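Here are the chains, one letter per residue:
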Amino acid sequence: MPIPAHLFVILGGTGDLAARKLLPALSHVLSDGAPCEVLAVGTKQFDDDSYRSWAAEQLEAAGVTETGDWCGRLHYQRIERNGFDLGAVASRIEDLETEFDLAGNRCFYLALPPQLFEPALRSIGEHRLLETDGWHRLVIEKPFGTDAATAAHLDEVVHAAADESDVFRIDHYLGKETVRNLLAFRFANPIFEASWNRDRVEEVVITVAETVGVGSRARYYDRAGVVRDMVQNHLTQVLSLVAMEPPVELVADAIRDEKVKVLRAIRRVDRIEYGQYDGYRDEEGIPDDSTTPTWVEAEVHVDCWRWQGVPFILRTGKMLPERKSKVEIRYRKPPVTLLEPEGREPRGNVLTVTLQPDEAFDLSFEVKEPGEAMRLRRTKMGFDYADEFPPFGDAYETLLADVLSGDQTLFVRADEVAESWRIWEPLLDPTDPPTEYEPGTWPS
Ligand code: BG6
């Protein structure tokens, strides 16, 4: 579908997110001459020309080489650091809309530190920036609140400025190609869906392992910790896509209705273990006595007919031996063991969806080794993206294209955020200091 004429406003246009993700993704999404101008808003001293040069450097650093005259569509509006008043932005928007005949369609992307979400939203409301004849959309980055109460408060502020149908809460995991493919895999392949339940599945394990540490985000991370940073959003979103019932149709609210039912059926977290990598407290900006967890393993149950009794294990952390995100559906063993594998326990089949890197779907199973003896060997059937498809775009490209076409499917609805905070809030911070683990090892 062609992208309609619009103005794309980035609040936080000189920040890290704009530089690393938004500008590169926009330069792809808006590369085909879609009638769009971009207004970057920031506190730094740029004018249009110097912003364009800065943006060109960021695009090059991100590996985007063929931009033609795309940077010519970028405009810059400086605002004062104090007070977050968008008055100057309001008149600039009107000028640009008249000059480029943009029909009043506006998208605001809040690429800001979370403490600026509220002042930004209030100023958007005050200057009626979302009250035009065209469409208007509001894109908000995570973290959406720091607990249930702050998220509920932020929702009030959001809804004072915009209708929920215009709000796009980003969870970039939902834009990942393999995460989206979970829906296609489940609902286009009845053979798997038939076994996707408590009768056949013993447990589901969702792992997001990172090799990096906190890097330059010490201040944010030490206050957030791994549950707020990764579990409450990314892992919970993946869980809800794995566990949800088929929607009545493949449209945003039907899908989100099913996802939120999964979250409502998680009554509590049954088990949780926290870890902190050795050396975390020596990182710049981290207090010597920090008890912020950098690793977590949690077990939850989805109390519904399909999943009754099946543990869902969520594991994620920093400074682990490998960078790998995957979902494992671990099937039950045969009910009677007629064939004992030599030197190991009998195992059920495992379906592994590798979300990143080396995106793939694999099903492990047992075969008989050639020869007289009935000897079992574990092997797998698989599908690798790299063998079948050319490289595909970044999650932000998918998500921005969806924002511009008005499709909310891959964005988190207010009730999903609220349910997720309800589940995780009692466990955001450990009561005892987390167990230490060596960087480059799995916490045991
Ligand atoms: C972010 C977290 O949301 O996701 C980071 O704040 C984390 O701490 C990142 O590193 C992981 O994303 P990805 O796409 O690299 O798996």
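Residues numbered from 1 in each chain as written. Predicted model: local features only at pLDDT ≥ 70, side-chain atom pairs only at ≥ 80, totals over all residues. Heavy atoms only, no water.

1. As for the layout of surface pockets
Space left empty within the atom packing is revealed by a probe, the size of a water molecule, rolled over the atoms.
Thought 1: In this structure, the second largest pocket spans a volume of roughly 420 Å³.
Thought 2: Considering the residues around the second largest pocket, the lining is formed by 24 residues, among which R332, K333, P334, G348 and N349 are closest to the centre.
Thought 3: If you list the elements that add at least two residues to the lining of the second largest pocket, you get α7 (190-193), β13 (360-368) and β14 (376-384).
Thought 4: Looking at the lining of the second largest pocket, its residues break down into 13 nonpolar, four polar and seven charged. (1 Å grid on protein atoms, 1.4 Å probe; cavity = no way out; pocket = protein on both sides within 12 Å on 5 of 7 lines; lining within 4 Å. Points joined across faces, edges and corners; volume = space filled by probe spheres on them. Helix = DSSP H or I, 4+ residues; strand = E, 2+ residues; numbered from the N terminus. Nonpolar A, V, L, I, M, F, W, Y, C, P; charged D, E, K, R; others polar.)

2. Remarks on the pattern of salt bridges
Thought 1: This structure, assessed with the given rule, holds 38 salt bridges.
Thought 2: Of the charged contacts in the structure, one is a salt bridge between R268 and D270, with a shortest N-O distance of 3.3 Å.
Thought 3: Between R271 and E299 there is a salt bridge, with its nearest N and O atoms 3.2 Å apart. In this pair, R271 sits in strand β8 (residues 269-277) while E299 sits in strand β9 (residues 295-301), placing the two residues 28 residues apart along the sequence. (Salt bridge = Lys/Arg side-chain N within 4 Å of Asp/Glu carboxyl O.)

3. Focus on the site of the ligand
Thought 1: The environment of the ligand is formed by K142, H172, Y173, K176, E210, R217, D229, M230, H234, K318, R323 and Q356.
Thought 2: The separation between an oxygen atom of the ligand and a polar side-chain atom of Y173 is 2.5 Å.
Thought 3: The contact in question runs from an oxygen atom of the ligand to an N or O atom on the side chain of H234, over 2.7 Å.
Thought 4: Contact with the protein chains hides 80% of the accessible area of the ligand, taken as 400 Å² for the molecule alone.
Thought 5: Looking at the shell around the ligand, the element that brings in the most residues is helix α8 (residues 218-243), giving three residues.
Thought 6: Across the shell around the ligand, the residue classes tally to two nonpolar, three polar and seven charged. (Near = heavy atom within 4 Å. Polar contact = N/O pair within 3.5 Å; in protein donor to acceptor, adjacent residues only side chain to side chain. Areas by Shrake-Rupley, 256 points an atom, 1.4 Å probe, with all protein chains shown as cover.)

4. Digging into helix α11 (residues 395-405)
A turn of α-helix holds 3.6 residues, and therefore any two residues three or four places apart point the same way.
Thought 1: Of all the 11 residues making up α11, eight are buried; the element is thus mostly covered by neighbouring parts of the structure.
Thought 2: Inspection of α11 places A395, Y396, T398, L399, L400, D402, V403 and L404 among the buried residues, and these make up the whole buried set.
Thought 3: In this structure, the buried residues of α11 make contact with β1 (6-11), α1 (16-29), β4 (106-110), β5 (136-140), β6 (167-169) and α6 (177-188).
Thought 4: Where α11 begins, the capping side chain belongs to D394, and its oxygen is found 2.9 Å from the backbone nitrogen of Y396.
Thought 5: A positive phi of about 80° marks G406, the residue just after α11. (Buried < 20%, exposed > 50% of the residue type's maximum accessible area, 1.4 Å probe, protein only. Contact = heavy atoms within 4.5 Å.)

5. Some thoughts on a negative patch on the surface
Thought 1: Among the surface-exposed residues, D278, D282, D288, D289 and E438 lie close enough to one another that they form a single negatively charged patch.
Thought 2: Secondary-structure assignment places E438 in the segment after β15 (435-437).
Thought 3: Using a relative accessible area of 45% as the deciding quantity, one classes E438 as partly exposed. (Patch = residues over 30% accessible without salt bridge, like charges linked within 9 Å, V, L, I, M, F, W, Y side chains within 5 Å. Lys, Arg positive; Asp, Glu negative; His and termini not counted. Charge placed at Lys NZ, Arg CZ, Asp CG, Glu CD.)

6. Some words on the pairing of β8
Thought 1: For β8 and β9, the ladder comprises six bridges, and the chain directions are antiparallel. Each bridged residue has a counterpart across the sheet, and for E273 the counterpart in β9 is E297.
Thought 2: The sheet contact formed by β8 and β15 spans three bridges and is parallel. Counted as the bridge partner of Q276 is E436 from β15. (Pairing = 2+ DSSP bridges.)

7. As for the environment of C71
Thought 1: Topologically, C71 is positioned in the loop between α2 (48-61) and β3 (74-78).
Thought 2: On a C-alpha basis, the gap between C71 and G406 in space is 24 Å, while along the polypeptide they are 335 residues apart.
Thought 3: Not counting chain neighbours up to four residues away, the residues in contact with C71 comprise R52, A56 and L59.

8. Describing the packing of helix α9 (residues 252-264) against helix α12 (residues 414-424)
Thought 1: In contact at an axis separation of 9 Å, α9 and α12 are set at 15° when each is read in the N-to-C sense. In terms of axis orientation, α9 runs roughly parallel to α12. Once α9 is placed against α12, the crossing between them reads as left-handed. Mapping the contact onto sequence places R256, K259, V260, L263 and R264 in α9 and D415, E416, E419, S420, R422 and I423 in α12.
Thought 2: Grouping the constituent residues of the contact of α9 with α12 by class yields three nonpolar, one polar and seven charged. (Axes fitted to C-alpha atoms, helices over the stretch in contact; angles between N-to-C directions. Parallel < 35°, antiparallel > 145°, perpendicular 65-115°, else oblique. Left-handed = near helix turned anticlockwise from the far one by under 90°.)

9. Points about empty space enclosed by the protein
Thought 1: For the structure shown, the criterion picks out two cavities of 30 Å³ or more.
Thought 2: Reported here for the largest cavity is a volume of approximately 150 Å³.
Thought 3: Along the walls of the largest cavity sit 14 residues, with D171, Q232, N233, V412 and V417 positioned nearest its centre.
Thought 4: Put simply, the parts of the chain that give the lining of the largest cavity at least two residues each are α8 and α12.
Thought 5: Considering only residue class, the lining of the largest cavity consists of five nonpolar, four polar and five charged.
Thought 6: The volume enclosed by the second largest cavity comes to roughly 50 Å³.
Thought 7: Lining the second largest cavity we find L174, V179, R180, L183, L241, I255, K259, T409 and L410.
Thought 8: Listing elements by their share of the lining of the second largest cavity, those giving two or more residues are α6 and α9.

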